[in-house]
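# Breakdown of the fold
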2 protein chains.
Amino acid sequence: MENFPPLLNDRILRAARGQDVDKVPIWVMRQAGRYLPEFRKVREKHDFFTICQTPELACEITLQPISRFDLDAAIIFSDILVVPQALGMEVLMKPGTGPVFPKPLIDSCDLDALKTAKAALPDLNYVFEAITLTRKRLEGKVPLIGFTGAPWTLMSYMIEGGGSKTLSKAKKWLYTCPEASMKLLQLLTDVNVDYLVGQVKAGAQMLQVFESHAEHLDEDLFNKFSLPFLTQICSRVKKTLRDDDIEPVPMTVFAKGGHYALKSLANSGYDVVGLDWTIDPGVAREVCEESGVTLQGNLDPCALYAPKEELEAIVKKMGAKFGHKNKWIANLGHGIYPDMDPESMTTLVNAVHKL
Amino acid sequence: MENFPPLLNDRILRAARGQDVDKVPIWVMRQAGRYLPEFRKVREKHDFFTICQTPELACEITLQPISRFDLDAAIIFSDILVVPQALGMEVLMKPGTGPVFPKPLIDSCDLDALKTAKAALPDLNYVFEAITLTRKRLEGKVPLIGFTGAPWTLMSYMIEGGGSKTLSKAKKWLYTCPEASMKLLQLLTDVNVDYLVGQVKAGAQMLQVFESHAEHLDEDLFNKFSLPFLTQICSRVKKTLRDDDIEPVPMTVFAKGGHYALKSLANSGYDVVGLDWTIDPGVAREVCEESGVTLQGNLDPCALYAPKEELEAIVKKMGAKFGHKNKWIANLGHGIYPDMDPESMTTLVNAVHKL
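Residues numbered from 1 in each chain as written. Chains lettered and ligands numbered in written order. Predicted model: local features only at pLDDT ≥ 70, side-chain atom pairs only at ≥ 80, totals over all residues.

## Description of the interface of chain A and chain B
- Contacts between the two partners involve 21 residues from chain A, matched on the other side by 21 residues from chain B.
- Among the elements that line the side of chain A that touches chain B, the one with the most residues is helix H9 (residues 168–176) of chain A, at 5 residues.
- In terms of residue class, the side of chain A that touches chain B is built from 9 nonpolar, 5 polar and 7 charged. (Contact = placed C-beta atoms within 7 Å. Helix = DSSP H or I, 4+ residues; strand = E, 2+ residues; numbered from the N terminus. Nonpolar A, V, L, I, M, F, W, Y, C, P; charged D, E, K, R; others polar.)

## Topic: the relation of the copies chain A and chain B
- For these two chains of identical sequence, chain A goes onto chain B by a turn of 180 degrees and a shift of 0.0 Å along the axis, with RMSD 0.0 Å. One copy is carried onto the other by what is essentially a two-fold rotation axis.
- Looking at chain A, 100% of its interface residues are interface residues in chain B too, so the copies touch through the same face. (Least-squares fit on C-alpha atoms with pLDDT ≥ 70 in both.)

## Regarding the pairing of strand E8 (residues 294–299) of chain A
Residues and elements named next belong to chain A.
- Of all the 6 residues making up E8, 6 are buried; the element is thus mostly covered by neighbouring parts of the structure.
- For strand E7 (residues 272–274) and E8, the ladder comprises 3 bridges, and the chain directions are parallel. Across the sheet, residue Gly-274 finds its bridge partner in E8, namely Gln-296.
- Between E7 and its parallel partner E8, the chain crosses via helix H14 (residues 281–288), and the hand of that crossover is right-handed.
- Judged from the 5 bridges that link them, E8 and strand E9 (residues 328–332) form a sheet pairing that is parallel. Of the residues in E9, the one forming a bridge with Leu-299 is Leu-332. (Buried ≥ 20, exposed ≤ 12 C-beta atoms within 10 Å, placed from the backbone. Pairing = 2+ DSSP bridges. Right-handed = clockwise from strand over helix to strand, strands pointing away.)

## Re the packing of helix H2 (residues 37–45) of chain A against helix H4 (residues 55–68) of chain A
All names here are of chain A.
- Between H2 and H4, whose axes approach to 9 Å, the crossing angle comes to 165 degrees. Classified by the angle between their axes, H2 and H4 sit roughly antiparallel to one another. Where H2 crosses over H4, the handedness of that crossing is left-handed. Contacts between H2 and H4 pair Glu-38, Phe-39 and Val-42 from the former with Leu-57, Glu-60, Ile-61 and Gln-64 from the latter.
- Taken together, the residues that form the contact of H2 with H4 break down as 4 nonpolar, 1 polar and 2 charged. (Axes fitted to C-alpha atoms, helices over the stretch in contact; angles between N-to-C directions. Parallel < 35°, antiparallel > 145°, perpendicular 65-115°, else oblique. Left-handed = near helix turned anticlockwise from the far one by under 90°.)

## Description of the sheet that holds strand E4 (residues 144–149) of chain A
All names here are of chain A.
- The 7 strands lie next to each other as E1-E4-E5-E6-E7-E8-E9, forming an open sheet whose pairing is parallel. The open sheet is flanked by strand E1 (74–75) and E9, the only strands paired with a single partner.
- Taken together, the 2 bridges between E1 and E4 define a ladder with parallel strand orientation. Paired with Ile-75 across the two strands is Ile-145, which belongs to E4.

## Concerning helix H12 (residues 227–243) of chain B
Residue and element names in this part refer to chain B.
- Across its 17 residues, H12 extends 24 Å between first and last C-alpha, which sits within 8% of the 24 Å expected from 1.5 Å per residue.
- All of the buried residues in H12 are Leu-227, Phe-229, Leu-230, Ile-233, Cys-234, Val-237 and Lys-238.
- For H12, the elements touching its buried residues are helix H8 (151–160), helix H10 (178–202), strand E5 (206–211), helix H11 (219–225), strand E6 (251–255) and helix H13 (262–266).
- Phi for Asp-245, located one or two positions after H12, is positive at around 60 degrees. (Expected span 1.5 Å × (residues − 1).)

## Quick word on the sheet that holds strand E7 (residues 272–274) of chain B
- Reading across the sheet, the 7 strands line up as E1-E4-E5-E6-E7-E8-E9 (chain B) and stay open at both edges, with parallel pairing between neighbours. This sheet does not close on itself; its edge strands, each paired only once, are strand E1 (74–75) and strand E9 (328–332) of chain B.

## Observations concerning helix H9 (residues 168–176) of chain B
Residue and element names in this part refer to chain B.
- Three or more residues of H9 are buried, namely Ala-170, Lys-171, Trp-173 and Leu-174. For H9, the arc enclosing every buried residue in end-on projection is 145 degrees, short of the 170-degree limit, so these residues lie on one face.
- Along its buried surface, H9 packs onto H8, H10 and H11. (Arc of directions from axis to C-beta.)

See below:
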């Protein structure tokens, strides 16, 4: 591993490890994104995935919110769909529509066309390069977070071929071909393990796994098709790093809409559990108390529309619900929306640090 | 009120009132819908809203699933968006896209263009006529359910102008113009009260209020912008009926994604609380025990993709989770999907009745 500049702000890592913090750390999902005019300027000139694949551009965008706001972490600019791409699938980002797979998976035979985990990994080198470059350019200001999409979330994109309100095609696989589903989920787990280990070796100081489609499952489906793979990813990443004499970094799992699985997630081996805005932080503290896990979240992204004073009051209320400063990483309960005024981010970050 | 044929199957009404039942009653959201070839045949010849507005056609479609399956209730074929239409907004149903408002509400000034509740009601006469006709044609076979969309759900459609993943435009109203939001929600509440009372007078034997967009709110927003109006609708409908010497019919509230509000909903005055599939029925029984409310739901709609034996096993499991036959109306946790095999409905209905 490279020799990186010393870390000047370890607040988020301390929070993740359950150590005392001077202030509540904050970062925001999609903090490097379309709500920033400097992002839109880069995006005008380059295709979405070209930015992901060009370390210099991904680094530039990752650093944009860090220059603007007093955030406690950077997150590498990338997308969860780079993994299906590395497995051999074509993914386009269509403005106004979102991601589109021209040839989604139709049936289990299509699995044969996917690359193996081992063959897919080299295709993700550009992410590792972007992480290393960004880690240097950050000059130790804040830690750099790496991430990936959880197997079920990636599988559902690969089958739906884009956004879907019901994920009924992907869920049909779970009910009608559970064996093929398990095979695909295991492949995605294997890639994810190598991918996350590679991100840490490249310089990532924290990792987040996004199970963005947990809301479409119920507890039985989640326990069969999501949780075992999430757990496997966490334990294998940590073990692999330890075997290579690398101290494991804190790992976060965020299962959006997975209110029914909160307790299971708190006991799944991850250091941090992300909450969406529908979960009451006080209830989450109670449910997760025993596990000792740190919580992340969970402001309604639309609260950033509120006038300054009201947003400050909402943040205070959230602080009161989380109850104490430790074991809490402040964030939104979902990514920030493209039409948000960057000024609201300043209000949010300052209000959290004032708690 | 008309003299209708005597009711031969009151299982669902008994369940709603907490009385003993011989079998668990079942109906399915969107049971009169696109998964039925006989529905698609009518739909080929007529526009969606033309069907809603033509009592003979709405009646025909309402009865289609009753002829095919051993269901315990019919639900009048209509749409929650007939209410915004009655208030003066144009709504089109675009195949493959869903509902579209060519001129959605942009700001609070647009509220002035909406009709009053009193002026809107006569525009809904076609629903009342459809209900009366259907009630006759049902010949007492099963009760007829009427319904409406809850104020927040209707408001969000009226502002978003169609489907939206985030409802960020509508939620922006809640954060930036709460007064105008309350005014709109109150208008929708007033229309809904008259509309539901009118449905009962026309022959509806049970009512359901759909808060389909609860998942986008958090507890604070829900308690301010949804719950008070839901509660108001229930109490005013029942009071108005009593004042007119009409025995109130059982009322169901279904707040999709509203797991965080389950206890509040159980105590909101409704007789039945609908559950989506992310809520564990055992947990719901515990949370709602004290309130004495009946529960409705909550099979994952995609479970109907499962092979016959597996679907039967899933229904058995659901039955075990609900624990006992009383105070339970079986249903899906969401409307049935258009690509479902009608055979699966037969399996579902029979499996529930065998419990």
